[in-house]
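# Descriptive analysis of the structure
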Amino acid sequence: MSRMIFVNVPTSDLAAADAFYGGLGFTKNEQFSDQNASSWIIEDSILVMVLRAEFFASFLTGDDTPHLPGDGGPREVLNALSCDSREEVDELLAAAQSHGGSVYRPADSSFPGMYQAAVADPDGHVWELVWMDMESFSEEAGGDAEA
């Protein structure tokens, strides 16, 4: 079996999270979804597990508690998702806003060869959307792919 990544995030509203992740065009995996969790397939080896905060807490140990970004405190992670084009970044940005998410950082090209934006899901979990112009990186390296 190839290695997979499961991004686990707590939610205060599973239905709102479902509307958001479904609105981005991800596929719900009903086999691993129930009243406590929704499993969303981004790619065959990348899944988002959206868990009710109480259920999420059942995986924690000691005094650790679920943290929703809107509750304040430091942000622990930014999830980055590669896109196939600038247009896909813009499409996902628009879809996020149409399905209960918000713009965390507007689209820009502040880094050479990259076009990126970031959205927050209804619970405030941030997803960076990034397209990289790999040809521009090759040009910066003098055109030598092994440089």
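Our structure's up above, just so we're on the same page.
Quick look at the structure, then. (Residues numbered from 1 in each chain as written. Predicted model: local features only at pLDDT ≥ 70, side-chain atom pairs only at ≥ 80, totals over all residues. Heavy atoms only, no water.)

Another point: the pairing of strand 7 (residues 114–120). With seven of seven residues buried, strand 7 is to be regarded as a mostly interior element. The pairing of strand 6 (residues 102–108) with strand 7 spans four bridges and is antiparallel. Its bridge partner lying in strand 7, S102 is registered against A120. Where strand 6 folds back onto strand 7 in an antiparallel hairpin, the turn is made up of five residues, including G113, whose phi is positive at roughly 80 degrees. Pairing between strand 7 and strand 8 (residues 126–132): seven bridges, direction antiparallel. Counterpart to A117 in the pairing with strand 8 is L129. (Buried < 20%, exposed > 50% of the residue type's maximum accessible area, 1.4 Å probe, protein only. Helix = DSSP H or I, 4+ residues; strand = E, 2+ residues; numbered from the N terminus. Pairing = 2+ DSSP bridges.)

Every buried residue of helix 1 (residues 14–23) is listed here: L14, A17, D18, F20, Y21 and G23. Its side-chain oxygen 3.2 Å from the backbone nitrogen of A15, D13 forms the N-cap of helix 1. Residue G25 follows helix 1 closely and has a positive phi angle near 95 degrees. (Polar contact = N/O pair within 3.5 Å; in protein donor to acceptor, adjacent residues only side chain to side chain.)

Right, let's get into the environment of G25. Checked against the element boundaries, G25 lands in the loop between helix 1 and strand 2 (27–28). For G25, a relative accessible area of 56% corresponds to the exposed category. With 17 residues separating them along the chain, G25 and I42 place their C-alpha atoms 8.4 Å apart.

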